[in-house]
Amino acid sequence: MSTFKLNNFIKISIIFIMLLLLLAPSYSFNENDYTHAYTVPVVVNFINITDDGQCHHSDEVTYTLDESNNIVHYTIAKSSNEVIDNISIESDSIYCDYEVEDTDDVINIKASLYSDDSRKNKITNKSVKIIYHYRSLNSIDLYNDVAVFNYTPWADSTSTVSKLETYITYPATHDDITIYDNPPYLISSRSWVNDYRHET
């Protein structure tokens, strides 16, 4: 991956395009797998873009499980040349086993949740928060005087989110950044937390 220093760009319009593709409600399942026995009331995404173009993600997902099973899913969208690595899961007082499936356009994570280290007691019928950490490479498209960052904060077509927040920290100040929300009518609020961090 070619490296670059975004914070060395002065008076150049750096356009980061954030595509917010919030999918319509639909619930489906694979006949060889569990149905999604949960809802997702809240997702909070934190992205830190470094000046060499790496994107470090921490996605906090709250699941409300029903009584039927202890399995949750998470999907990460990616472009054809994008690389997702350094995947890990963090959870408070929860024991977790997970599988990762890497396809051409998404990363699918399937996690099984337990309340004990022996994995005998499945977690069901409660609310849990899982944090997905990962790094994305080749996420930013470079042109002569513009760097473009396309981002989909929720990529699971089989479930919907009641509340979604995204915080992106850029390696350039807000004077050099233009953000496009697509579609804009789904955005309830947006603001700059400071010179480098944007909240949607």
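Read on for a plain summary of the structure. (Residues numbered from 1 in each chain as written. Predicted model: local features only at pLDDT ≥ 70, side-chain atom pairs only at ≥ 80, totals over all residues. Heavy atoms only, no water.)

Moving on, we get to the pairing of strand β3 (residues 55–65). Sheet analysis places strand β2 (residues 38–49) next to β3, joined by 10 bridges and oriented antiparallel. Bridging across to β3, Phe-46 finds its partner in Ser-58. Between the antiparallel neighbours β2 and β3 lie five residues, among them Gly-53 with a positive phi of about 95°. Strand direction decides the pairing type here: β3 and strand β8 (residues 127–137), joined by 10 bridges, are antiparallel. Across the sheet, His-56 pairs through a bridge with Arg-135, a residue of β8. (Pairing = 2+ DSSP bridges. Helix = DSSP H or I, 4+ residues; strand = E, 2+ residues; numbered from the N terminus.)

A few words now on the sheet that holds strand β4 (residues 71–77). Pairing in this open sheet of three strands is antiparallel, and the strands run β4-β7-β6 from one edge to the other. Looking at which strands have only one partner, the edges of the open sheet turn out to be β4 and β6 (95–102). The average undirected angle you get between the axes of adjacent strands in this sheet is 20°. Sheet analysis places β4 next to strand β7 (residues 106–114), joined by seven bridges and oriented antiparallel. Directly across from Thr-75, in β7, lies its bridge partner Asn-108. (Axes fitted to C-alpha atoms, helices over the stretch in contact; angles between N-to-C directions.)

A full pass over the atoms with the stated rule returns seven salt bridges. Measuring nitrogen to oxygen at the nearest pair gives 2.6 Å for the salt bridge that ties Arg-135 to Asp-85. Of this pair, Arg-135 sits in strand β8 while Asp-85 sits in strand β5 (residues 83–91), and the two are 50 residues apart along the sequence. The salt bridge partner of Asp-117 is Arg-119, with a shortest N-O separation of 2.9 Å. Residue class for Arg-119 comes out partly exposed when judged on its relative accessible area of 26%. Taken together, the shared-partner salt bridges connect Asp-97, Asp-117 and Arg-119 into one network. (Salt bridge = Lys/Arg side-chain N within 4 Å of Asp/Glu carboxyl O. Buried < 20%, exposed > 50% of the residue type's maximum accessible area, 1.4 Å probe, protein only.)

Any link to function would need more than the numbers given here.
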